[in-house]
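Chain by chain, the residues:
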Amino acid sequence: MSDQKPTPSGPEASTGLAKSFADRLTFPADTKAKPNPTASTFTPAAKFDWADEAETPTEEKSKEPTRSLPRAQTDGAADSSLEMAQTDGATTWMNGSAGLDEPEFDVNVKLADLQDDPNNPLYSVKSFEELKLREELLRGLSVMGFHKPSKIQERALPLLLKNPPQNLIGQSQSGTGKTAAFVLNMLSRIDLNTKQPQCLVLAPTRELAKQIAGVAKIMGTFLVDKGLEVFEAVPQSLPPRGVQVQGQIIVGTPGTVMDLIQRKRQLNVRGIKVLTLDEADNMLDLQGMGDQCKRVKMLLPKDHQVVLFSATFPPMVLDFAGLFAPNANQITLEVENLTVKGIKQMYLDCNSDQEKYEALVKFYGLMTIASSIIFVHRRDTAAEIERRMTAEGHKVASLTGALEGAQRDEVFARFRNGDAKVLITTNVLARGIDVQTVTMVINYDIPETVDHQPDYETYLHRIGRTGRFGRTGAALSFVSSKRSWDQLMTICKHFGVEPTKLDTSDWDHVEKMLKGIMKNARNVVPQAAGPEAAMDD
Ligand SMILES: Nc1ncnc2c1ncn2[C@@H]1O[C@H](COP(=O)(O)OP(=O)(O)OP(=O)(O)O)[C@@H](O)[C@H]1O
């Protein structure tokens, strides 16, 4: 469980209610949002109930072996900081454009092809050089294998880097590189002559905070010898009492950051000029976190830049976001463009919970999957599946809010480095985690809100743990009752998706079909009408 919220007594389900935050979100009159002529309008295709999870996202690391840094780019400090960032769990560096190989399937679509397709969210007409980034950052991007920006990076960066700084609300599909966009903004804006905190990122979970910090360290590799320091403000990795936090970039969970600023007085925020909220809709919505984010913001100097990113911004949250980031430039998506086309969505129809479990075991017996995540509703379900799959000989790990920080790190590291191929988790890891080897996401339980309504956002974030940056992925949802069936169908209808049914009476057919699906997943033509259809700014 993240440090933000009290332990839920029942399912680790949605708890946040937009209204509760709206009620409490009051800003001084001069910071009220005014209509922004440069902002596009958000056009929801449908009205829906929404809420998000009690706990959310994370960090990662691929199981791929660490590749060595090309000689030409290895110089002193850079080398060691790369190593350090690796163990901190950032995205596998140098794996950016090059790592589209899914060895167990015959997939031949290249990232370059995707980036040349105007309908793809990875498409861009510019290069990183044209975005006027400092030389050290261009070198960092090159080492990471980022050859071309994605659409969100191309659009967001000029808006973020403009002076005087302006607020930004940025939305793009899962796995399209939002992290790099806001990390590059911070790395471009910091003054390396002082170690005073200057940029603050708030993320909903320790795993995601650590992942973001890892990305900043890797991307900023060539700034380390100029003084770059990135600090992770998550429980159990804090400096001793009385010692001031140092580092130009601070990434943490809101409760811990609040505690460091106000109670422990170890984090001096007088020099903060950029506040970024990742998974911003989640951060603004959750009762505890929304309140904490607001309180943190109130403690910052008045003229800081506010940057909000997420793959989802339900219309109601977008209104609050406008209050939190006054006069923000907005890059938003229409609901029909939210799903990642490379993720094939399927479902299995079972008659009972027992049949669901049997189908799961059968499924894992059949398929060779690099890495997969099984999302469940409750902690006890996670524990039970872990016990039974381990008994069947599968290498599984289970991460729920029941674990303490250090245990969470240990379990997640086992998954990231490939020691465990299957991660069983609740919504705690639904958002943000970036493990490139994940080719399959299983919704063992369909995501629902506390009042048992389909949870659209959580579904989208969960399935977005696969299909990262043009990779192939599949999402398989289990239904075992009329309610879960209705929920899944409502979610799919909402996103304009027709899920493929897998027939459990013919497993040979299921196997063949899955292999075919995985092979062709990246060839599915996006439905957007043109380059502007997928993203308006
Ligand atoms: N320009 C780029 N070229 C190649 N790879 C990239 C580029 N930008 C990002 N990536 C890679 O894409 C993956 C997804 O990026 P990231 O985690 O930032 O996605 P995201 O949009 O924040 O997703 P989510 O909504 O799930 O949080 C990462 O593995 C990252 O290294």
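Asks: Could you clarify how one ought to interpret the overall build of the protein in this entry?
Replies: A count of helices and strands for the protein gives 17 helices and 14 strands. Expressed as a percentage of its 537 residues, the buried residues of the protein come to 56%. Across the protein, the fraction of contacts at a sequence separation of at least 24, relative to all contacts at a separation of at least 6, is 83%.

Asks: Just to check I follow, could you spell out the sheet that holds strand β9 (residues 371-375) for this structure?
Replies: Backbone hydrogen bonds are what pair the strands of a sheet, in a parallel or an antiparallel way. An order of β10-β11-β9-β12-β13-β8-β14 is seen for the seven strands of this open sheet, with the pairing classed as parallel. What marks the edges here is a single partner per strand, and that holds for β10 (396-399) and β14 (500-502). Direction aside, neighbouring strands of the sheet carry axes that sit 25 degrees apart on average. Pairing of strand β8 (residues 343-349) with β14 involves three bridges; the strand directions are parallel. Across the sheet, the residue bridging to Leu348 is Leu502, located in β14. Lying on the sheet, helix α16 (residues 482-495) is in contact with β8 and β13 (473-479); it crosses β13 at an angle near 145 degrees.

Asks: Would you explain the sheet that holds strand β2 (residues 199-202) in this entry?
Replies: Pairing is parallel in the open sheet, where seven strands are placed in the order β3-β4-β2-β5-β6-β1-β7. Two strands in the sheet have a free side with no partner beyond their single neighbour: β3 (230-233) and β7 (329-331). Put simply, the sheet's adjacent strands are angled 15 degrees from each other on average, direction ignored. Summarising the sheet, β2 and strand β4 (residues 249-252) pair through four bridges and their orientation is parallel. Across the sheet, the residue bridging to Val201 is Val251, located in β4. Of the strands in this sheet, β1 (168-171), β6 (305-310) and β7 are in contact with helix α5 (residues 151-161), which crosses β1 at around 175 degrees.

Asks: How should I be thinking about the pairing of β8 in this particular structure?
Replies: Residues in a regular strand project their side chains so that they alternate between the two faces of the sheet. By the criterion of burial, β8 is predominantly enclosed, with five of the seven residues buried. In this sheet, β13 lies alongside β8 in parallel orientation, the contact comprising seven bridges. Note on β13: the bridge partner recorded for Leu348 is Phe478.

Asks: Please explain the confidence of the model for the protein as it appears in this structure.
Replies: Residues shown with low pLDDT carry predicted positions that ought not to be read at fine detail. Averaged over all residues, the pLDDT of the protein is 78; the fraction at 70 or higher stands at 73%. Counting interchain partners and residues more than four positions distant, the pLDDT-below-50 stretch residues 1-108 has 269 contacts. For residues 521-537, every residue scores under 50 in pLDDT, and the model assigns this stretch 41 contacts once sequence neighbours within four places are set aside. As scored by the predictor, the complex reaches a pTM of 0.80 and an ipTM of 0.99.

Asks: Help me understand the nonpolar core in this model?
Replies: Where a protein is soluble and globular, its nonpolar side chains tend to be buried together. Ala216, Met219, Val251, Leu308 and Ala321 are the most contacted members of the largest nonpolar core, which has 134 residues in total. It is helix α7 (residues 206-219) that provides the largest number of residues to this core, a total of eight residues. Both domains that furnish three or more residues to this core are identified here as domain 1 (109-332) and domain 2 (343-519).

Asks: Teacher, can you tell me more about helix α14 (residues 405-416) here?
Replies: Residues spaced three or four apart along an α-helix point in a common direction, a consequence of the helix completing one turn every 3.6 residues. With 12 residues, α14 extends 16 Å from end C-alpha to end C-alpha; this agrees with the ideal 16 Å at 1.5 Å per step. Looking at α14, one finds that the buried residues are Arg408, Asp409, Val411, Phe412, Phe415 and Arg416. Trailing α14 by a residue or two, Gly418 shows a phi angle of about 90 degrees, which is positive.

Asks: Please clarify how helix α6 (residues 178-189) should be interpreted in this entry.
Replies: Look at α6: 17 Å from first C-alpha to last across 12 residues, which is about the 16 Å you get at 1.5 Å a residue. Burial within α6 is extensive, with 10 of its 12 residues counted as buried. Every buried residue of α6 is listed here: Lys178, Thr179, Ala180, Ala181, Phe182, Val183, Leu184, Asn185, Met186 and Leu187.

Criteria and cut-off values
Residues numbered from 1 in each chain as written. Predicted model: local features only at pLDDT ≥ 70, side-chain atom pairs only at ≥ 80, totals over all residues. Helix = DSSP H or I, 4+ residues; strand = E, 2+ residues; numbered from the N terminus. Buried ≥ 20, exposed ≤ 12 C-beta atoms within 10 Å, placed from the backbone. Contact = placed C-beta atoms within 7 Å. Pairing = 2+ DSSP bridges. Axes fitted to C-alpha atoms, helices over the stretch in contact; angles between N-to-C directions. pLDDT = per-residue confidence, 0-100. Core = buried A, V, L, I, M, F, W, Y, C linked by C-beta atoms within 7 Å. Domains from an automatic or database assignment. Expected span 1.5 Å × (residues − 1).

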